[in-house]
Amino acid sequence: MGIVSIIYKIKGKLVDKGSKILQIGAFKIDISDGDIPKDIKGNEYVEVDIPRIDIY
């Protein structure tokens, strides 16, 4: 058997474009490892694919 890669597809509001913070309900998710296209503005809803979710 090979390695299985799981990708999470999430949708949320980009509440802080500078810090790359996506909000889904009460959860704020740091997406700083990714690139945000220049035509996306703050407070817009976006969909991103992420390889993992870390909970602190």
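Data block above holds the structure.
All of these numbers come straight from a predicted model, not from anything done at the bench.

Trainee: How would you sum up the pattern of salt bridges? Please name residues and give values.
Mentor: Pairing of side chains with opposite charge becomes possible as their charged atoms draw close. Taken as a whole, this structure holds four salt bridges when the rule is applied. The closest approach of N and O atoms between Arg52 and Asp54, which form a salt bridge, is 2.9 Å. Here Arg52 falls in the exposed class, since its relative accessible area comes to 59%. Given a relative accessible area of 41%, Asp54 falls into the partly exposed group. Salt bridges here are not isolated pairs; linked through shared partners, they connect Lys9, Lys11, Glu47 and Asp49.

Trainee: Summarise the pairing of strand E2 (residues 21-24); cite the residues concerned and give the values.
Mentor: Sheet topology places strand E1 (residues 8-16) next to E2; three bridges connect them, and they run antiparallel. Bridge pairing links Asp16 to Ile21 in E2. In sequence, E1 turns back onto E2 through a hairpin of four residues, with Lys20 there showing a positive phi of about 60°. As defined by bridge partners, E2 adjoins strand E3 (residues 27-30) across four bridges and the pair is classed as antiparallel. Opposite Gln23, over in E3, you have Lys28 as the bridge partner. In this structure, the hairpin formed by E2 and E3 is closed by a connection of two residues, where Gly25 is found at a positive phi of approximately 60°.

Conventions used here
Residues numbered from 1 in each chain as written. Predicted model: local features only at pLDDT ≥ 70, side-chain atom pairs only at ≥ 80, totals over all residues. Heavy atoms only, no water. Salt bridge = Lys/Arg side-chain N within 4 Å of Asp/Glu carboxyl O. Buried < 20%, exposed > 50% of the residue type's maximum accessible area, 1.4 Å probe, protein only. Pairing = 2+ DSSP bridges. Helix = DSSP H or I, 4+ residues; strand = E, 2+ residues; numbered from the N terminus.

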